[in-house]
Amino acid sequence: IESHALILRALTELRPGDPRADGLVQWLFLNKKLSHWKSTRATAEVIYALVHYLEKEKQLGQREAATVRVGSRTENYVFEPDDFSARKTQLVIPGNEIDPATSSTIVVEKETPGFLFASATWHFATDELPKEERGDLFGVARRYFRRVKTDRDTVLQPLKDGDVLHPGDEVEIHLAIRSRAAAEYVHLRDPRPAGLEPGVVTSGYRFDLGLVWYEETRDSGTNFFFEALPQGEYTLKYRLRANLAGTFRTGPATLQSMYAPEFTAYSTGAVVRVGE
């Protein structure tokens, strides 16, 4: 954090208007949102660098204005430099006012220069399983494999639509997660198909891929808790065993920041079939 703040100060002093300064500012704000500045010195360095940056960009003490359009509804927000309040700036559209034809389009515009952070969350209930993966800062993809023992080794066979398991078959789940920025206190939840039982029933800390996480086995699924999730891509694996015959619908795996829940991602849904 201190290194980024120092580089930001040097860049704005030596090369005013350099576009890389905007990226440094955005990184610092995202780090504050998804993590925390670990010392009062780091916080002071960042604030000093940001004030220096705003002064060079002629944005210090300026009026800020933004417009949000959701379908046919428009809201204007104004932030005066000498009239700060800690109120939550939020626009809520109740379900009975949502028009499916227009409300799914959200436009945020900033009339004044500088940064604006905005997020949109859609609360809904449906019986349909997600058909595609979604995520922005985070991403998660889930794949099922059948573990088949051969004379020499154990191989993984991808489970395709329509494939049928049998009681006793061992299944390996691969959860490919992606983070475009370093984050702290991240939760990954993977629901379990009802006809499958966990291969490991004890919870505990796990170490792999340069990550440390707490893995918790529950009746409804498996939870992964990360105190720190570095930027990058990682694949987590665990095993289940088919137990009961039937067709089981499974919700998506979700990856979410615990203290900034607007940063979230989910995988596709799945249908697992176990025959007699």
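Scroll up for the structure.
This write-up is about the structure you can find in this document. (Residues numbered from 1 in each chain as written. Predicted model: local features only at pLDDT ≥ 70, side-chain atom pairs only at ≥ 80, totals over all residues. Heavy atoms only, no water.)

### Examining the sheet that holds strand β14 (residues 232-242)
- Strands sit in the order β6-β5-β8-β14-β10 across an open sheet of 5 strands; the sheet is antiparallel. The open sheet terminates on both sides in strands that have one partner only, identified here as β6 (154-158) and β10 (196-198). Going from strand to strand, the sheet's axes swing by 40° on average, the running direction of each strand aside. (Pairing = 2+ DSSP bridges. Helix = DSSP H or I, 4+ residues; strand = E, 2+ residues; numbered from the N terminus. Axes fitted to C-alpha atoms, helices over the stretch in contact; angles between N-to-C directions.)

### Quick notes on helix α2 (residues 20-34)
- Look at α2: 21 Å from first C-alpha to last across 15 residues, which is about the 21 Å you get at 1.5 Å a residue.
- Check the buried side of α2 and you find it contacts α1 (2-14), α3 (40-56), β5 (138-149), β9 (183-191) and β16 (254-257). (Expected span 1.5 Å × (residues − 1). Contact = heavy atoms within 4.5 Å.)

### Digging into the pairing of β16
- Residues of β16 alternate between two faces, with Leu255 and Ser257 buried on one and Thr254 and Gln256 left unburied on the opposite face.
- Two elements, β9 and β16, share 4 bridges in a ladder whose sense is antiparallel. Looking across to β16, one finds that Val186 is bridged to Ser257.
- Alignment of β16 against strand β17 (residues 264-266), held across 3 bridges, turns out to be antiparallel. Bridged to Leu255 within β17 is Ala265. (Buried < 20%, exposed > 50% of the residue type's maximum accessible area, 1.4 Å probe, protein only.)

### A word on the nonpolar core
- Core analysis: the biggest nonpolar cluster contains 35 residues, and Ile177, Leu188 and Phe226 have the highest contact counts within it.
- Elements with a minimum of two residues in this core: α2, β5, β8 (170-179), β9, β12 (211-217), β13 (221-229), β14 and β18 (270-274).
- The biggest single contributor to this core is β14, with 5 residues.
- In this view, Ile177 contacts Gly139, Val140, Leu188, Phe226, Leu229, Gly232, Glu233, Tyr234, Leu236 and Leu255; residues no more than four positions away in its chain are not counted.
- Of all hydrophobic cores here, the second largest spans 12 residues; its members include Ala5, Trp37, Val46 and Leu50. (Core = buried A, V, L, I, M, F, W, Y, C linked by side-chain atoms within 4.5 Å.)

### Details of unusual backbone geometry
- Positive phi values are uncommon outside glycine, yet Tyr185 reaches one of about 55°.
- Along the polypeptide, Tyr185 turns up in strand β9.
- The exposure class of Tyr185 is partly exposed, given its relative accessible area of 37%.

### Some thoughts on α1
- Compared with the 18 Å implied by 1.5 Å per residue over 13 residues, the 18 Å span of α1 between its first and last C-alpha is a close match.
- Taken residue by residue, α1 has Ala5, Leu8, Leu11 and Thr12 as its buried positions. Seen from one end, α1 has its buried residues packed into an arc of 130°, which puts them on one side. In α1, those exposed residues whose orientation departs by more than 90 degrees from the buried face are Ser3, Leu6 and Leu14.
- As for α1, its buried residues are in contact with α2 and α3. (Arc of directions from axis to C-beta.)

### Brief notes about the packing of α1 against α3
- With their axes 9 Å apart at the nearest point, α1 and α3 run at an angle of 20° to one another. When the interaxial angle is binned, α1 and α3 end up roughly parallel. For the element pair α1 and α3, the recorded crossing hand is left-handed. Seen from α1, the contacting residues are Glu2, Ala5, Leu8, Arg9, Thr12 and Glu13; seen from α3, they are Arg41, Ala42, Glu45, Val46, Tyr48, Ala49, Leu50, His52, Tyr53 and Lys56. (Parallel < 35°, antiparallel > 145°, perpendicular 65-115°, else oblique. Left-handed = near helix turned anticlockwise from the far one by under 90°.)

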